[in-house]
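Take a look at the letters that make up each chain.
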Amino acid sequence: MILFKKITDLRNWLESQRKNGKSIGFVPTMGALHQGHLSLIETSKQKAEVTVCSIFVNPTQFNDPADFSKYPVTIEKDIELLAAAGSTALFLPDVPEIYPNGRPESKKYELGYLETVLDGSSRPGHFQGVCTVVERLLEIVAPDHLMLGQKDYQQCLVITRLLALMGNAGNGIQIHICPTLREENGLAMSSRNMRLNEADREKAALIHQSLLQIREELQPGELAPLKHKISGLLSSDGFQPDYVELANAKTLALVEVWDGKEELVALIAAFLSGVRLIDNMLVHKATE
Ligand code: PAF
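Being a predicted model, the structure only gives us computed values, none of them experimental. (Residues numbered from 1 in each chain as written. Predicted model: local features only at pLDDT ≥ 70, side-chain atom pairs only at ≥ 80, totals over all residues. Heavy atoms only, no water.)

1. Some words on the packing of helix α11 (residues 205-217) against helix α12 (residues 224-236)
Right, so step 1: Relative to each other, α11 and α12 sit at 155 degrees, their axes nearing to 11 Å. Regarding the angle of α11 to α12, the classification is roughly antiparallel. Crossing hand, α11 versus α12: right-handed. For the pair α11 and α12, the contacting residues are L206, I207, S210, Q213, I214 and E217 in the first and L226, K229, I230, L233 and L234 in the second.
Right, so step 2: Of the residues in the contact of α11 with α12, the class split is 7 nonpolar, 2 polar and 2 charged. (Axes fitted to C-alpha atoms, helices over the stretch in contact; angles between N-to-C directions. Helix = DSSP H or I, 4+ residues; strand = E, 2+ residues; numbered from the N terminus. Parallel < 35°, antiparallel > 145°, perpendicular 65-115°, else oblique. Left-handed = near helix turned anticlockwise from the far one by under 90°. Contact = heavy atoms within 4.5 Å. Nonpolar A, V, L, I, M, F, W, Y, C, P; charged D, E, K, R; others polar.)

Dropping the structure here:
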């Protein structure tokens, strides 16, 4: 695996790969890698001849500075994991390399409704920061294939929108949304899990169990009682739920009364011992 810290070096190398007719797969990450990330590398290896992974803890997407400073950093282990997984290259820039003129504040991405719900409303500015860095990374890497994890469901929709906003630069990039990988107890793999102690890691599986319960108990009609019940159960087990929601799987429009047909995704965000965890599940596939 080749390690690049400078944009110019990475670009020159990518140019030579393209001249040799190689397609490029890209896996953007913030490091603290786990099997979920490695499964994205695996997908990239199937889709493209060359895989570039980036590790960059992007300061512009953290609305809470404490969250940024506590984000786990495990670079040496990450490098070993990526090399073993068969990533062709790692892009490991520092902050000035990505933001040479300081924090870019002027550009506003028109994300519309997507930015007003769920993580959009709970974490103001978060998706603008995600778009800022992802656009920058995509301009640098110019991949053919982009691998994203379904665990960040709303982020997948936001980045799909970003590609549309990028016009020609985004058109040629094919997004692959890869399934969430889970621990044995069902907990969605996430870098943030590293901040949980052993007991909380066990307890955190309740988020996945709650999603399964929603799928099990889902009935056409008013959804508020089910959402309140699940939120109450999480609270009584020591979580601070941020949201328990059911939404249209394509648009993320929140669904209050379900017709029994619309494609639905259940999404949960909850704090456990100060760590914000998210997870989601497609609970109903469209029948028409
Ligand atoms: O999902 C993440 O790890 C980050 O939001 C991403 C896409 C790498 C952008 O910083």
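2. What about α12?
Right, so step 1: Between its first and last C-alpha atoms α12 spans 18 Å; for 13 residues at 1.5 Å apiece the expected length is 18 Å, and the two agree.
Right, so step 2: Among all positions in α12, only L226, K227, I230 and L234 are buried. One face of α12 carries all of its buried residues, which in axial projection span an arc of 100 degrees. Facing away from the buried side of α12 by more than 90 degrees, the exposed set consists of P225, H228 and S236. (Expected span 1.5 Å × (residues − 1). Buried < 20%, exposed > 50% of the residue type's maximum accessible area, 1.4 Å probe, protein only. Arc of directions from axis to C-beta.)

3. Digging into the packing of aromatic side chains
Right, so step 1: Following the criterion strictly, the structure yields 4 aromatic pairs and no others.
Right, so step 2: Relative to F68, the ring of F62 has its centre 5.2 Å away and its plane inclined at 50 degrees; by these criteria the two rings are tilted.
Right, so step 3: Taken together, a centroid distance of 5.6 Å and an interplanar angle of 70 degrees make the contact between F62 and Y71 edge-to-face.
Right, so step 4: One aromatic cluster is present, formed by F62, F68 and Y71 through successive ring pairs. (Phe/Tyr/Trp six-rings, centres within 6.5 Å; stacked < 30°, edge-to-face > 60°.)

4. A look at the pattern of salt bridges
Right, so step 1: Tallied over the entire structure, the rule returns 16 salt bridges.
Right, so step 2: One salt bridge connects K45 with E42, and the closest N-O pair in it is separated by 3.5 Å. Of this pair, K45 and E42 both sit in helix α2 (residues 35-47), separated by 3 residues, roughly a single helical turn.
Right, so step 3: On the basis of relative accessibility, which here comes to 36%, the residue K45 falls in the partly exposed class.
Right, so step 4: Exposure remark for E42: the relative accessible area of 36% places this residue in the partly exposed category.
Right, so step 5: Across the pair K227 and E245 runs a salt bridge whose closest N-O atoms are separated by 2.9 Å. You can see K227 sitting in helix α12 and its partner E245 sitting in strand β8 (residues 240-248), a full 18 residues away along the chain. This pair shows no difference in class: K227 is buried, exactly as E245 is.
Right, so step 6: Within this structure, D67, R123, R192 and R195 form a network of salt bridges that share partners. (Salt bridge = Lys/Arg side-chain N within 4 Å of Asp/Glu carboxyl O.)

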